[in-house]
Amino acid sequence: MPDGADRHGESAQIPQKIEIHILGSIHDAPAREWDACAGIDGMKGNPFLSHAFLSALEDSGSAAGDTGWLPQHLAIRGDDGGLLACAPCYLKSHSFGEYVFDWGWADAWERAGGQYYPKLQSSVPFTPVTGPRLLVREGLEAKLQDQLRRALAAGMQSLAKRHRVSSLHVTFPTHPEWDLLGDIGLLQRRGVQYHWHNDGYADFDAFLAALASRKRKQIRKERREVEASGIALTAIHGQELGRRHWDAFYRFYRNTTDKRWGQAYLTREFFDLLGQRLGDRVVLVLAEEDGLPVAGALNLRDDEALYGRNWGCLSLSGKRDYRFLHFEACYYQAIDYAIAHGLRRVEAGAQGEHKIQRGYLPVETFSAHWIADPRFEAAVADFLRRENQAVDMEIAELTALSPYRKGGG
């Protein structure tokens, strides 16, 4: 896989030879061409795969070599030099910010005398959102698109071998990509998230009507208590977003990360760049008490879904605990927004069985893994066979907890 080669695949026909280039920065790909491969057009397309989002991560120092996310994006160019296909990839020195946990694998391999890090990761940093990882320009014939996706997948393996890393991990790909990656020999893993689906509800009350009586009453109680507290919630986006909003939200974000993880992945600059470059996709739910911000929930959106990403709240000594405010800001306001804007679903992020009782049902997520050492690969494959059986049972048990009335939701 030569760097800087001049020969490229044909953009209008099946290329005789595909050569893959390694990009040390997202800026090595023109924004318009990257977005064309990612399917970004106005509100269309997963916002996390946009050049704007990925460049905000890199330019702010949130995802960079110094933080253990060294960009190694893959690119395939046509005869005219334009991108035909690309893939976000990073050489990683740790497993933070991934949401598909392989700490146990790392520990086992290093106890056996191996070196697990660095590893190669194809993902969007700090973002547990399903989306394409093998990005191919729209408008190409189906056979060529499939060939380019397979070339990117093979290129990831070649890059992993070149770097002599322990493993390659493709996290939160789409189901068809997961099938393709399994077809070429990568190990397949599944996980669980919680999503709310819009069944054509006219308003929040229509959604509540689809729930069992006890669940409906509980949600109404929670919303009433937040309303009675005097806290006002507002959804802010686009040109409305200013530095004061990001200052407030960053305080909330740091308060949460300092308590829960001890590490803030995202820098303050990232949020400014996000607002500047992708403001129309941002939906910031801000909670204020007596005109002062006390909490916030950060979402991004496309033309189909609202994606919940980060939450934070002040915790002031002597102040009340803002009971139920997390549920209101993160889940109920998101549902309100999705209904009002005709979005099909809300993806509430990783973990949290408590989301089920608030209308967010379990869905599968996917990842695929290549392990360099055959012995270690066999051990991981055995683990995944057992884990995937457990995931089947978990989804069945969680689905049985659905708050929807029979035939509703």
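To be clear, the structure that these remarks concern was listed above.
Throughout, residues of each chain are indexed from 1 in the direction in which the sequence is written. Local features in a predicted model are, by the rule used here, given only for residues with pLDDT of at least 70; side-chain atom pairs are given and counted only at 80 or more, and totals for whole chains, interfaces and linings are based on all residues. Derived side-chain values reflect all non-hydrogen atoms in the structure, with water molecules and hydrogen atoms excluded from consideration.

Here we take up the nonpolar core. Among the nonpolar cores identified, the biggest contains 46 residues, and Trp 34, Phe 53, Phe 271 and Leu 274 are the most heavily contacted of them. Looking at this core, the elements with two or more residues in it are helix H1 (31-38), helix H2 (51-59), strand E4 (83-87), helix H8 (243-260), helix H9 (268-278), strand E11 (282-289), strand E12 (292-301) and strand E13 (305-313). Strands are runs of DSSP state E lasting at least 2 residues, helices are runs of H or I lasting at least 4, and numbering of each runs from the N terminus. Residue contributions to this core peak at six residues, all from H8. Residues belong to one nonpolar core when they are buried, are Ala, Val, Leu, Ile, Met, Phe, Trp, Tyr or Cys, and are joined through side-chain atoms within 4.5 Å. Partly exposed describes any residue whose relative accessible area lies between the buried limit of under 20% and the exposed limit of over 50%, with all areas from a 1.4 Å probe on protein chains only and scaled to the type maximum. Counting 43 residues, the second largest nonpolar core, distinct from the first, contains Ala 287, Leu 325, Tyr 332 and Tyr 337.

This next bit is on the packing of aromatic side chains. Each Phe, Tyr or Trp ring (for Trp, its six-membered ring) is paired with any other whose centre lies within 6.5 Å, and the angle between the two planes then decides the class: stacked below 30 degrees, edge-to-face above 60, tilted in between. Going through the model one piece at a time under the given rule, you end up with 27 aromatic pairs. Each ring, one from Tyr 116 and one from Phe 376, has its centre 6.3 Å from the other, and the planes form 80°; the classification is edge-to-face. Taken as a pair, Tyr 116 in the loop between helix H3 (103-111) and strand E6 (119-122) and Phe 376 in helix H11 (residues 374-399) lie far apart in primary sequence, 260 residues in all. Across the ring face of Trp 69, the terminal group of Lys 92 is positioned such that the distance to the ring centre comes to 3.8 Å. Between Arg 223 and the ring centre of Phe 204, over which it is positioned, the NZ or CZ distance is 4.2 Å. For a lysine, the NZ atom is tested; for an arginine, the CZ atom; a charge sits over a ring if that atom is within 6 Å of the ring centre and within 35 degrees of the ring normal.

With mixed pairing, the eleven strands of this open sheet are ordered in space as E2-E5-E6-E8-E15-E9-E14-E13-E12-E11-E10. Strands at the two margins of the open sheet, each flanked by one partner only, are strand E2 (69-71) and strand E10 (232-236). Across the sheet, the mean angle from the axis of one strand to that of its neighbour is 30°, orientation sign disregarded. A pair of strands counts as paired when DSSP detects no fewer than two bridges linking them. As paired strands, strand E9 (residues 187-197) and strand E14 (residues 345-350) are joined by four bridges and run antiparallel to one another. Across the sheet, Trp 196 pairs through a bridge with Val 346, a residue of E14. A fitted line through C-alpha atoms serves as each axis, taken over the contacting stretch for helices, and the angle formed by two N-to-C directions is quoted from 0 to 180°.

Remember that the coordinates give geometry; whether it matters functionally is a separate question.
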